[in-house]
Amino acid sequence: MQPNGESPGTAMVPLTQREMRIVFLMGAGHTTAEIAELLEVRPSTVENRKRQIYEKLGVGSQSHAVAKAIWLGLLQTGRPAAVSPRGPGGPQHAGEHGHATLAVLMGPAGHARDKVARLLVSERTPFVVVLNRDELVCDHWLSWHRGPIVVLLVDPEPEDWSAAMPLGFPIVVVRGGDVPEQLVIADALAHQAGGLVAEADVSAGIGPTLSAVTQGLLVMSWGYAEALLKWAPSSPAVEPELSRRECDILDSIASGHTIRQTARALGIAAKTVENTQARLFRKLGARNRLEALTIADSRGLIGRADEP
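Residues numbered from 1 in each chain as written. Predicted model: local features only at pLDDT ≥ 70, side-chain atom pairs only at ≥ 80, totals over all residues. Heavy atoms only, no water.

### Topic: the overall build of the protein
Looking only at helices and strands, the protein features 15 helices and 6 strands. Looking at the protein residue by residue over its 308 residues, the buried ones come to 42%. Sequence separation of at least 24 residues holds for 67% of the intrachain contacts in the protein that already meet a minimum separation of 6. Split by element, the accessible area of the protein, about 16400 Å² in all, is 52% carbon and sulfur. (Helix = DSSP H or I, 4+ residues; strand = E, 2+ residues; numbered from the N terminus. Buried < 20%, exposed > 50% of the residue type's maximum accessible area, 1.4 Å probe, protein only. Contact = heavy atoms within 4.5 Å. Areas by Shrake-Rupley, 256 points an atom, 1.4 Å probe, with all protein chains shown as cover.)

### Topic: the pattern of salt bridges
Inspection of every chain in the model, using the stated rule, returns 7 salt bridges. In this structure, arginine 175 engages aspartate 187 in a salt bridge whose closest nitrogen and oxygen atoms are separated by 3.3 Å. Placement of the pair is arginine 175 in strand 4 (residues 171–175) and aspartate 187 in helix 8 (residues 181–190), with a sequence separation of 12 residues. Residue glutamate 246 pairs with arginine 279 through a salt bridge whose shortest N-O separation is 2.8 Å. Placement of glutamate 246 in helix 12 (residues 244–254) and of arginine 279 in helix 14 (residues 270–284) is noted, with a sequence separation of 33 residues between them. (Salt bridge = Lys/Arg side-chain N within 4 Å of Asp/Glu carboxyl O.)

### Here we look at helix 4 (residues 62–71)
Structural remark: α-helix, 3.6 residues per turn; residues separated by three or four positions point the same way. When helix 4 is considered as a whole, its buried residues turn out to be Ala65, Val66, Ala69 and Ile70. The arc that holds the buried residues of helix 4, viewed along the axis, is 135 degrees, so those residues lie on one side. Residues of helix 4 that are buried make contact with helix 1 (17–27), helix 3 (43–57) and strand 2 (127–129). Two or three places before histidine 64, at the opening of helix 4, serine 61 has a side-chain oxygen 3.3 Å from that residue's backbone nitrogen. (Arc of directions from axis to C-beta. Polar contact = N/O pair within 3.5 Å; in protein donor to acceptor, adjacent residues only side chain to side chain.)

### Considerations on the sheet that holds strand 6 (residues 219–220)
In space, the 6 strands of this open sheet follow the order 2-1-3-4-5-6, with parallel pairing throughout. Two strands close off the open sheet at either side, each with one partner strand: strand 2 and strand 6. Inspection of the sheet shows strand 3 (residues 149–154) paired to strand 4 by 4 bridges, in the parallel sense. Considered in strand 4, the bridge of valine 154 is made with valine 174. (Pairing = 2+ DSSP bridges.)

### Remarks on the nonpolar core
Within the largest apolar cluster, 60 residues are counted, with the highest numbers of intra-cluster contacts made by Val151 and Leu152. Among the elements that make up this core, the one with the highest residue count is strand 3 (6 residues). Residues in contact with valine 151, not counting those within four places in the same chain, are Val104, Met106, Ala164, Leu167, Phe169, Pro170, Ile171 and Val172. Judged by nonpolar contacts, the second largest core, of 14 residues, contains Ala263, Leu280, Leu284 and Ala292. (Core = buried A, V, L, I, M, F, W, Y, C linked by side-chain atoms within 4.5 Å.)

### Side note on empty space enclosed by the protein
Applying the stated criterion to the full structure yields 1 cavity of 30 Å³ or more. Taken together, Ala188, Leu189, Ala193, Gly195, Leu196, Leu218 and Met220 make up the lining of the largest cavity. Residue composition of the lining of the largest cavity, by class: 6 nonpolar, 1 polar and no charged. (1 Å grid on protein atoms, 1.4 Å probe; cavity = no way out; pocket = protein on both sides within 12 Å on 5 of 7 lines; lining within 4 Å. Points joined across faces, edges and corners; volume = space filled by probe spheres on them. Nonpolar A, V, L, I, M, F, W, Y, C, P; charged D, E, K, R; others polar.)

### Thoughts on the environment of methionine 20
The residue methionine 20 is located in helix 1 in this model. By relative accessible area, methionine 20 is classed as partly exposed at 27%. For the pair methionine 20 and alanine 69, spaced 49 residues apart in the sequence, the C-alpha separation amounts to 9.2 Å.

### Regarding helix 14
The end-to-end C-alpha separation of helix 14 is 21 Å, in line with the 21 Å expected for 15 residues at 1.5 Å each. Every buried residue of helix 14 is listed here: Val273, Thr276, Gln277, Leu280, Phe281 and Leu284. One face of helix 14 carries all of its buried residues, which in axial projection span an arc of 145 degrees. Facing away from the buried side of helix 14 by over 90 degrees, the exposed positions are Lys271 and Arg282. Elements in contact with the buried residues of helix 14: helix 12, helix 13 (259–266) and helix 15 (289–298). (Expected span 1.5 Å × (residues − 1).)

### Comments concerning the packing of helix 13 against helix 14
Helices that pack against each other are described as a pair by the angle of their axes relative to one another and the distance between those axes. For the pair helix 13 and helix 14, interaxial distance at closest approach is 8 Å and the crossing angle is 110 degrees. It follows that helix 13 is roughly perpendicular to helix 14 by the angle criterion. Contact with helix 13, carried on its side by Ile259, Thr262 and Ala263, involves Ala270, Val273, Glu274 and Gln277 of helix 14 and no other residues of that element. Along the lines of polarity and charge, the residues of the contact of helix 13 with helix 14 split into 4 nonpolar, 2 polar and 1 charged. (Axes fitted to C-alpha atoms, helices over the stretch in contact; angles between N-to-C directions. Parallel < 35°, antiparallel > 145°, perpendicular 65-115°, else oblique.)

### Comments concerning the environment of serine 63
Mapped onto the secondary structure, serine 63 falls in helix 4. For serine 63 and serine 122, which are 59 residues apart along the polypeptide, the C-alpha to C-alpha distance reads 8.9 Å.

### Some thoughts on the pairing of strand 4
For strand 4, the tally of buried residues reaches 5 of 5 residues, placing the bulk of the element in the interior. The alternating pattern of strand 4 places Ile171, Val173 and Arg175 on one face and Val172 and Val174 on the opposite face, and all of these are buried. Read from strand 3 through helix 7 (residues 158–164) to strand 4, the crossover connection turns out right-handed. Handedness of the strand 4-helix 8-strand 5 (residues 195–198) crossover: right-handed. (Right-handed = clockwise from strand over helix to strand, strands pointing away.)

### With respect to the confidence of the model for the protein
Taken as a whole, the protein shows an average pLDDT of 77; of its residues, 77% reach a score of 70 or greater. Mean pLDDT values over the elements of the protein span from 53, in helix 6 (residues 140–144), up to 92, in strand 4. (pLDDT = per-residue confidence, 0-100.)

So this is what it looks like as structure tokens:
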């Protein structure tokens, strides 16, 4: 990135239109054979073009070429709304099974977005960077990328939401720590985001989050999830309904009787006492006789067997 946060002009690297398409397809995770099929050329032709691209970009591998193209702004999205792929309520881009997820990286230029971009490159996750919100939708996303598509918003501004929502793709939000958790959560939920990740948690990996949201799951950093749980109204504790036999077993435990003593006192088999006691523990949420007594005493359950 340049000091002012803008990417260098694409005129610095005179790639042809065909080479630009190959760079995009490489960034989308396609193999040489798949690129050849999509462009209706021979695989050897694609390999020759790739070598020319490497030479022009001054790199030696496909991953470095994609990373350099992103830095130069070659993978920014194209013309505005030539095709409106996913209007509100439209079908989600589930993608074909076995193909990589394409991340559409959006948000203000800066350290946070660069950090996420570097992580995507290190994880070999194909992505495009939106450098101009007004030039967002490009039909080659739909005709060339076969896998799922996820919008990755880094510290989004209101304009980013306005540009991303009409696409209809799942959205994952990455937020820094300078915004109150309540506002971050409310903003993400109001826009029906599928993922909310704190910037501090991004280094653990973004791939599993992208994969989860394409399956319709909600993914959230624990810090945000914990804050969300605090908002939820706590339901009153439901007193377990104990049967008469379970009350008998509980009173016997309170009296310090063993399983055999309880069986003799109640005139039942020891195995029946064990089964009833296990059921009693499950209802109380206890792991042993001591915990069962503690929980039952706090809820006033001991002595119920004497009640009519």
